[in-house]
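# Fold and contact review
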Amino acid sequence: MTRRRAFLAGFGGALVAGGLRAQQAGPDQDQTGALRDPGAAGRPHERISERDNAEFITAVEKRMHCTCGCGLDIYTCRTTDFTCSFSPVLHQEVLALNDEGKSADDIVTAFVAKYGEKVLMAPKPVGFNIAGYVVPGLVILLVGGIMFAILKRRTRVLAAAQAEAPVAPPMPAGASHAVVGAPPASQAELERLTREMQEFDQ
Amino acid sequence: MTILGQLALWTALLVGLWAAVVGFSGRWHGRPELALSVTRSVYALFAVLVVAAISLWKGLIVHDFNIEYVSSYTSRNLPGYFIFSAFWAGQKGSLLFWAIVLSMFAAVAQWLTPARYRALMPYVAAVTSTVTSFFITVMLFAANPFARMHFTPPDGQGLNPQLQNIGMVIHPPMLYLGYISITIPFAFAIAALLSRRVDAGWLVAIRKWTLMSWLFLSIGITLGMWWAYVELGWGGYWAWDPVENASLLPWLTMSAFLHSVMIQEKRGMLKRWNMSLIIGSFLLSIFGTFITRSGVIASVHSFTQSSVGYFFLGFLIAAGVLSFTLLYTRWERLEPDSQLESMVSREAAFLFNNLLFVGIAFSVLWGTLFPILSEAVRGTKIAVGPPFFNKVNVPLGLLLLGLTGIGPLIAWRKASTANLKRQFAGPVATGLAVLALLLASGMRNFYALMSLALAGFVAGTLTQEFARGTRARARMYAESIPIAFGRLVARNRRRYGGYLVHLAMLLYFVAFTGYAFKTETEATLRPGDTATLKSAFGHTYTFTHMGVSQFEQLNRVVTQASVQVSKNGKSIGVVNSEKRQHFSEPAPGVREKSFEPSTEVGIRYNLQEDLYIVYAGSVDGTEEAVYRFTLNPLVVWVWIGCLVLIVGALVTMWPGGVVSGPVRRGQAGYEVQLAGTGQ
């Protein structure tokens with residue numbers, strides 16, 4: 001009985017151990033299991049290297065649009081839209097230009113030469129493009145300036161007219177409130193004024 | 001049902017045209033039965049369009065794939081709520097949605113508008129019916145949702161996986177509600193011009209409509225941001241895409257209107273400007289629809305390019321020319337009742353706030369159209385992306401934020417130096433204290449410093465306004481502070497609701513500022529491997545890949561990658577990110593993959609920073625997974641800001657709140673002191 005148990009335990013243990021070894025020794029997988037339906041997990045992905053994440057590379061890629069039409073920059077597209085076939089290629093081009101020792105500006109210039117100005121995330125502020133950057137600000141400044149000048153003049157004219165207005169005559173009988181410089185008003189009018197001034201600021 | 005739907009659309013067109021022609025012709029003057037006919041036509045238009053809508057929904061629900069629209073946007077295994085929302089997922093259905101909602105708003109406007117505006121209502125009906133008829137015309141002649149195919153496919157193409165999200169069930173309707181409801185204030189403005197009743201009456205009639213429209217737009221835009229954030233997986237929520245910009249434009253002009261209308265109500269000024277803003281907002285809502293549906297500007301949001309763009313362009317031009325011509329003919333009648341008395345007054349602050357709102361709208365429009373302009377002038381295609389818009393609009397946005405704090409501090413008509421000192425001391429000190437704290441903590445990003453310091457200033461203003469009002473009320477009525485606070489808000493709903501909206505804007509700006517400090521990295525991990533990332537707040541996050549599992553769920557196969565997350569060495573839980581492969585089932589037991597696999601982001605929300613984990617895919621079909629880890633500071637405050645905005649807008653819109661007699665006199669802090677009264 002004891003011997004049989006020992007045998008079964010040993011046999012079972014050997015089977016489990018064998019299984020574990022088999023799992024660990026899978027073809028180039030170490031302890032990594034295979035997916036039941038790899039096609040459902042999207043396109044097979046390459047391993048990310050240190051260079052893919054390098055600050056220089058990501059910074060350059062963020063200055064340029066992916067050409068797939070998504071509107072995102074190359075870095076964001078390649079790390080977001082995993083169905084895009086353009087951004088991985090563009091990424092490889094950036095890496096290749098970097099391998100040639102090109103600076104960030106040189107890489108961007110090379111991309112503009114190849115794909116046109118529309119590859120830039122924002123147009124370079126040269127020539128007609130300057131209008132793109134400065135027109136909104138200039139229009140606001142211009143309109144604001146004109147508005148300020150007109151309003152300033154109007155308020156000055158209004159103030160002058162008020163200063164020239166005749167001084168209020170003495171209070172009529174029955175009026176209990178006095179407001180300096182105000183025209184005569186009855187009790188009812190003053191109460192209405194009080195009420196409306198309170199409403200005014202609500 | 002499609003025959004019924006078609007019939008309903010043609011009937012709706014006839015009814016709409018009748019209401020428009022009779023309403024505009026003015027033949028109802030002195031003929032109450034004709035005026036009544038116009039009003040009833042509006043109700044009938046709504047009823048007939050409900051029939052059309054039910055017909056389309058019926059087709060969607062019973063999977064009538066012979067209807068081209070049903071076949072294009074649904075499939076047999078699409079979950080029920082997405083079948084419901086497929087109504088507005090495509091061009092044709094969304095046009096019908098637009099028409100039915102507009103007809104509903106038009107009917108509600110006719111029903112609820114008080115009798116004292118009776119003279120305006122036939123014109124209002126004419127305008128709303130014209131716009132509705134336009135949408136019906138577009139459907140009947142260019143984008144018919146009831147169009148049938150020559151064959152019946154066994155299954156539909158299904159709904160784009162990115163639209164299979166709760167955000168897309170509610171975001172488009174909200175945005176549409178905002179766009180569409182602008183038509184009602186526009187209709188009242190045109191009615192006021194046509195009837196020459198351009199006093200403040202029409203403004204009172206549209207007060208709630210404009211607020212509601214603005215609220216729907218705000219919610220719609222924010223829901224769109226939320227959808228982009230949770231569904232698109234690029235780690236952000238606003239990309240300055242032309243369609244996003246198009247939704248922002250009417251929001252900006254409506255915001256300007258909500259401020260400037262107060263000047264007209266209180267001082268009788270800016271009548272022409274307010275008319276222009278309402279007309280402009282309506283035209284911008286049509287412009288947004290034109291951009292989305294014409295394909296004139298490349299956008300990921302656009303519907304398929306089709307001929308409807310020409311319809312919208314024609315309508316936009318016609319509406320613009322007619323409206324502004326009408327405004328020009330009534331120009332003399334829109335003389336202001338009073339003048340600005342001082343450059344240091346709340347009126348002046350509102351004017352500059354309007355300048356900024358409209359200026360930003362112009363700047364966004366300019367940037368959106370600049371590629372077309374550049375191509376026309378230079379013949380070179382360019383693209384205008386977020387760096388451009390940020391460079392141009394961030395300074396303007398900061399100025400606007402500053403004015404949010406300045407406006408409430410300045411008195412109406414004219415502010416004295418003593419008043420200014422008293423009002424500004426606290427808020428300015430708060431702003432400077434925030435600035436000093438941030439500098440001391442090592443922040444050196446200029447725009448972030450300015451944004452947060454200005455947010456501090458605005459917070460100071462709002463706190464001061466609430467505190468002074470509450471304190472004065474508590475003192476005057478011997479109320480406890482919570483009761484005084486509650487009554488202060490309840491009895492000055494428009495004012496304090498508006499302040500809550502300002503608070504919401506402050507939260508939005510703080511959240512936008514946080515976006516400048518996001519950190520991200522990519523990593524390939526085997527089960528058990530870890531990656532680390534340091535956040536802007538100085539926390540170190542460790543991500544341990546646990547494994548990848550696959551399972552079936554609804555109409556998709558889900559591949560789920562799990563990550564154990566630790567913050568500063570302490571475990572904070574597991575975050576899952578998914579790839580979803582949708583499939584259709586054209587016949588029992590037959591399964592076909594539909595669309596490319598989509599990504600579901602794993603997000604762990606936090607008041608400080610969100611963890612944003614994207615499972616990019618697997619290496620060689622194994623559990624070795626590629627991830628993108630992003631730490632997004634303060635994003636959650638966008639969503640909280642939206643909730644505060646909704647509360648603020650609802651407080652402002654809530655009926656009542658006007659009290660009389662002694663209570664009104666006690667509205668804290670704003671009593672008028674007259675010489676000799678001691679009051």
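These figures come from a predicted structure and were not determined experimentally. (Residues numbered from 1 in each chain as written. Chains lettered and ligands numbered in written order. Predicted model: local features only at pLDDT ≥ 70, side-chain atom pairs only at ≥ 80, totals over all residues. Heavy atoms only, no water.)

This brings us to the overall build of chain A. Counting its secondary structure elements, chain A contains seven helices and zero strands. Its helices and strands taken in sequence order, chain A reads α-α-α-α-α-α-α from the N to the C terminus. Taken over 202 residues, chain A has a buried fraction of 31%. Pairs at least 24 apart in sequence give 41% of the contacts found in chain A among residues at least 6 apart. Accessible area for chain A stands at about 12,500 Å²; split by element, carbon and sulfur atoms hold 62% of it. (Helix = DSSP H or I, 4+ residues; strand = E, 2+ residues; numbered from the N terminus. Buried < 20%, exposed > 50% of the residue type's maximum accessible area, 1.4 Å probe, protein only. Contact = heavy atoms within 4.5 Å. Areas by Shrake-Rupley, 256 points an atom, 1.4 Å probe, with all protein chains shown as cover.)

Residue and element names in this part refer to chain B. With a phi angle near 70 degrees, Arg413 is a residue other than glycine that sits in the positive phi range. As for its placement among the helices and strands, Arg413 is situated in the loop between helix H14 (386-406) and helix H15 (417-440). Assessed through its relative accessible area of 35%, Arg413 is described here as partly exposed. One non-glycine residue with positive phi stands out, namely Asn568, at about 50 degrees.

Before going further, it helps to spend a moment on the pattern of salt bridges. Applying the stated rule across the entire model yields 27 salt bridges over all chains. A salt bridge links Arg47(A) to Glu624(B); the shortest N-O distance between them is 2.7 Å. In this pair, Arg47(A) is assigned in the loop between helix H1 (2-24) and helix H2 (55-61) and Glu624(B) in the loop between strand S9 (609-618) and strand S10 (625-633), connecting two distinct chains. Classification of Arg47(A) as partly exposed rests on a relative accessible area of 44%. By relative accessible area, which is 6% here, Glu624(B) ends up buried. Residues Glu33(B) and Arg31(B) are paired through a salt bridge, measuring 2.9 Å at the closest nitrogen-oxygen approach. The class of Glu33(B) is partly exposed, set by a relative accessible area of 45%. (Salt bridge = Lys/Arg side-chain N within 4 Å of Asp/Glu carboxyl O.)

Geometrically, a pair of aromatic rings is defined through the distance of the ring centres and the angle of the planes. Residues and elements named next belong to chain B. What the rule picks out here adds up to 49 aromatic pairs over all chains. With centroids separated by 6.0 Å and ring planes inclined at 75 degrees, the aromatic side chains of Tyr237 and Trp639 adopt a geometry described as edge-to-face. Residue Tyr237 is located in the loop between helix H9 (201-232) and helix H10 (242-267), and its partner Trp639 is located in helix H19 (residues 636-653); the two are separated by 402 residues in the primary sequence. Of the two residues examined, Tyr237 and Trp639, each falls in the buried class. Aromatic rings pair up to connect Trp57, Phe84, Phe87, Trp88, Phe97, Trp98, Phe134, Phe135, Tyr176, Tyr179, Phe312 and Phe315 into one cluster. A cation over an aromatic ring shows up here: Arg591 above the ring of Phe583, its NZ or CZ 3.9 Å from the ring centre. (Phe/Tyr/Trp six-rings, centres within 6.5 Å; stacked < 30°, edge-to-face > 60°. Lys NZ or Arg CZ within 6 Å of the ring centre and 35° of its normal.)

Residue and element names in this part refer to chain B. Among the structural elements, Asn165 can be located in the loop between helix H6 (121-141) and helix H7 (166-181). On the basis of relative accessible area, Asn165 is assigned to the buried category, the value being 9%. For the pair Asn165 and Glu600, spaced 435 residues apart in sequence, the C-alpha to C-alpha distance is 10.0 Å. Other than its neighbours up to four places away in sequence, Asn165 contacts Phe82, Trp226, Trp227, Val230 and Glu231.

Before going further, it helps to spend a moment on the interface of chain B and chain A. Taken together, the contact pairs 80 residues of chain B with 68 residues of chain A. Both faces combined, the contact of chain B with chain A buries some 6,700 Å², and carbon together with sulfur accounts for 64% of it. Salt-bridge contacts for Glu117(A) lead to Arg378(B); the nearest nitrogen and oxygen are separated by 2.7 Å. Counting every contact that joins chain B to chain A gives 19 residue pairs in polar contact (both at pLDDT 80 or more). Among the elements that take part in the side of chain B that touches chain A, helix H13 (residues 346-378) of chain B stands out by supplying 14 residues, more than any other. (Buried area = accessible area lost by both parts, 1.4 Å probe. Polar contact = N/O pair within 3.5 Å; in protein donor to acceptor, adjacent residues only side chain to side chain.)

Quick look at the confidence of the model for chain B now. Mean pLDDT over chain B works out to 90, with 95% of the residues at or above the 70 mark. Confidence drops under pLDDT 50 across residues 659-679 of chain B; counting only partners more than four residues distant or on other chains, this segment forms 44 contacts. (pLDDT = per-residue confidence, 0-100.)

Let's shift gears to the side chain of Glu479(B). Residue and element names in this part refer to chain B. By the secondary structure assignment, Glu479 is in the loop between helix H16 (446-477) and helix H17 (481-491). Exposure remark for Glu479: the relative accessible area of 14% places this residue in the buried category. Side chain to side chain, Glu479 and Arg487 meet in a polar contact 2.7 Å long. Here Glu479 is in contact with Arg473, Ala474, Ala484 and Arg487, once residues within four sequence places are set aside.

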